[in-house]
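The chain contents come next:
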Amino acid sequence: MSKQRRLSKIFAKDGKSVTLALDGYFFSTKTAGIDNTINKMPELAANGLDCALITYGMAINNPNAFNDVSIVLRVDSTVNMYDNSVPDTMQVFDVEDALKLDADGIVCMTFPGAFNEEKTHAMTARLVKEAERWNMPFIVESLPYGYAVSSPESNEAKVIADAARIGVELGADIIKTRFSGTPDDYLIVEAAQVPVLALGGPKTDTLSYFKFVEHCMKMGAKGVAVGRNITQDPKPIAMVAGLNAIIHLGMSPEEAFAIYQNKN
């Protein structure tokens, strides 16, 4: 299969994507809502979900859950499940594992500026070569100084932009990274020059969150990759419907919130 055909599954025809990050089990014990959300996949897809980032075990143990969405295999994991800052990562799967699952892409992290920068860059570069061999789209989650926002610099648009560009220079087809919420976030997309998916964003009230998503789209993001703001929402289907309204239908946060409120 060509890389372009796989990319066309991750992104809808408008070139944008509502992506659900279900890969939290690889990075934290704070996984409330993930299993319940997997059980709702057909309804989520019907309300605008395009893609899911999943673990290998998820695909094996839920063989029919992801029939209606694109799947991207998470190939790296934390080295300490009980440290939610994700102190370091390791490779646990590869492109051939993704092919076995009929996945449409792979995703891993790299940490420019962190103590393990060399290690994570080397893992990314190695995976890029494998991905190119198999025409497999590669999402690089490039996060400056590490997984968590640990300093003002790590959440500064220019610094995030630099990290995004490093991910692209390593061979990313798509960048997944945080947005600062400031007007300078356009620098992230400008630097990347490939589609950018904004990380899930702050845990806040729904309308404020929708305003953050609209901001990311106005800055040039091609969508979002959302975890807990869907899985831990009391109405995950309604949340996806609201995100779909902003990302694919171009509606305002207020219109999306009305959809959210009226959806069961």
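What this report covers is the structure whose coordinates are included nearby. (Residues numbered from 1 in each chain as written. Predicted model: local features only at pLDDT ≥ 70, side-chain atom pairs only at ≥ 80, totals over all residues. Heavy atoms only, no water.)

## Description of the pairing of strand 7 (residues 138-142)
Judged by how many residues are buried, strand 7 sits mostly within the fold: five of five residues are covered. Residues Phe138, Val140 and Ser142 line one face of strand 7 and the alternating positions Ile139 and Glu141 line the opposite face, and both faces are buried. In this structure, strand 6 (residues 105-110) lies alongside strand 7, joined through five bridges in parallel fashion. Paired with Ile106 across the bridge in strand 7 is Phe138. Sheet analysis places strand 7 next to strand 8 (residues 174-177), joined by three bridges and oriented parallel. Paired with Glu141 across the strands is Lys176, a residue of strand 8. Chirality of the crossover, the property in question, places the unit of strand 7, helix 7 (residues 157-169) and strand 8 among those that are right-handed. (Buried < 20%, exposed > 50% of the residue type's maximum accessible area, 1.4 Å probe, protein only. Helix = DSSP H or I, 4+ residues; strand = E, 2+ residues; numbered from the N terminus. Pairing = 2+ DSSP bridges. Right-handed = clockwise from strand over helix to strand, strands pointing away.)

## Looking at the packing of aromatic side chains
One pass over the full model with this rule turns up seven aromatic pairs. For the ring pair Phe210 and Tyr260, a centre distance of 6.3 Å and an interplane angle of 80° mean the geometry is edge-to-face. Taken together, the positions of Phe210 in helix 9 (residues 206-218) and Tyr260 in helix 12 (residues 253-262) put the pair 50 residues apart, joining distant regions of the chain. Comparing Phe210 with Tyr260, the two get one shared label, buried. Considering the side-chain rings of Phe257 and Tyr260, the 6.1 Å spacing of their centres and the 10° angle between planes classify their relative orientation as stacked. (Phe/Tyr/Trp six-rings, centres within 6.5 Å; stacked < 30°, edge-to-face > 60°.)

## Quick word on the environment of Glu169
Locating Glu169 in the fold gives a position in helix 7. For Glu169, a relative accessible area of 56% gives the class exposed. Separated by 19 residues in sequence, Glu169 and Ile188 place their C-alpha atoms 14 Å apart.

## Some details on unusual backbone geometry
For Val86, which is not glycine, the phi dihedral falls at a positive 50°. On the secondary structure map, Val86 appears in the loop between strand 4 (76-78) and strand 5 (89-91). What makes Val86 buried here is its relative accessible area of 4%. For Tyr145, which is not a glycine, the phi torsion comes out positive at approximately 70°.

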